[in-house]
Amino acid sequence: MRLLVVEDERELAESLRRGLVAEGYSVDVVHDGSTGLEYALSEGYQAVILDLMLPRLNGFQVCARLRESRVGTPVLVLTAKDGEYDEAEALDTGADDYLTKPFSYVVLLARVRALLRRGGEHRPVVLTVGDLVVDQARRLCSRGPTPIPLTAKQFAVLACLARRANAVVSKAEILDEVWDAAYDGDLNIVEVYIRALRRGIDVPFGRQSIETVRGAGYRLVDTDA
């Protein structure tokens, strides 16, 4: 597993490199946003750990340009800035997760493992299941030429199913991928979002593309009109 660390605090960057190598990862480290973008675009990484406050290009710009280039590599943003607007901007520019400094190394490793479970360099940016299109970079969904408005959480659940199209995905797997580690509510919240998705992507088009596999989970399949 190849990871890229883009961090201008050299001691922290080296500490991350040593710790991740000890966990068995192959790690490249760069110290500015421009070089980080060049590496992320040209090399095959399974995940990028990206500081926000970087020289030359900041983390927001790096992440946005990766997504504009249709690179779907998962990105974990690190920042000393603790604020909901910074977190929202990072996620809106295409980051997959967010961690505020100082952070627990144990938590960082768990976040990296979660990103890697979701897929690395070979994760396609645009997923298609029949005429259903899920554009992960632009967070857009359509059925044929018809755009389908979805909330952020609905889109995340759909993308989780689309990445495993034709395979059964359990509620626990959906919860683990879409909700954060702090969520300790009812697993049945997944059912709420599945019902909403069916109303958005299936009912108006006369489809039944999200199947319930009793006792196992859900499966997204291609269906004829």
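Here, the structure is the one placed above.
For the structure given in this document, a descriptive report is provided here. (Residues numbered from 1 in each chain as written. Predicted model: local features only at pLDDT ≥ 70, side-chain atom pairs only at ≥ 80, totals over all residues. Heavy atoms only, no water.)

1. Focus on the nonpolar core
Turning to step 1, where the next piece is worked out: Membership of the largest hydrophobic core comes to 25 residues, with the highest contact counts inside it found for I174 and L220.
Turning to step 2, where the next piece is worked out: Considering every element that reaches this core, the biggest residue donor is helix α6 (residues 152-162), with 7 residues.
Turning to step 3, where the next piece is worked out: Among residues more than four places away in sequence, those in contact with I174 are V157, C160, L161, V169, W179, V190 and Y218.
Turning to step 4, where the next piece is worked out: Judged by nonpolar contacts, the second largest core, of 21 residues, contains L4, L52, L54 and C63. (Core = buried A, V, L, I, M, F, W, Y, C linked by side-chain atoms within 4.5 Å. Buried < 20%, exposed > 50% of the residue type's maximum accessible area, 1.4 Å probe, protein only. Helix = DSSP H or I, 4+ residues; strand = E, 2+ residues; numbered from the N terminus. Contact = heavy atoms within 4.5 Å.)

2. Concerning the sheet that holds strand β3 (residues 47-51)
Turning to step 1, where the next piece is worked out: If you walk across this open sheet you meet the 5 strands as β2-β1-β3-β4-β5, and the pairing is parallel. Across the chains shown, the open sheet's two edge strands, defined by having one partner strand only, are β2 (26-30) and β5 (97-100). The average undirected angle you get between the axes of adjacent strands in this sheet is 20°.
Turning to step 2, where the next piece is worked out: Two strands pair when backbone bridges link them, and strand β1 (residues 2-6) and β2 are joined in this way by 5 bridges, in the parallel orientation. Residue pairing in the sheet places R2 in a bridge with S26 of β2.
Turning to step 3, where the next piece is worked out: Relative to β2, helix α1 (residues 10-22) is tilted by about 170°, and along the sheet it contacts β1, β2, β3 and β4 (75-79). (Pairing = 2+ DSSP bridges. Axes fitted to C-alpha atoms, helices over the stretch in contact; angles between N-to-C directions.)

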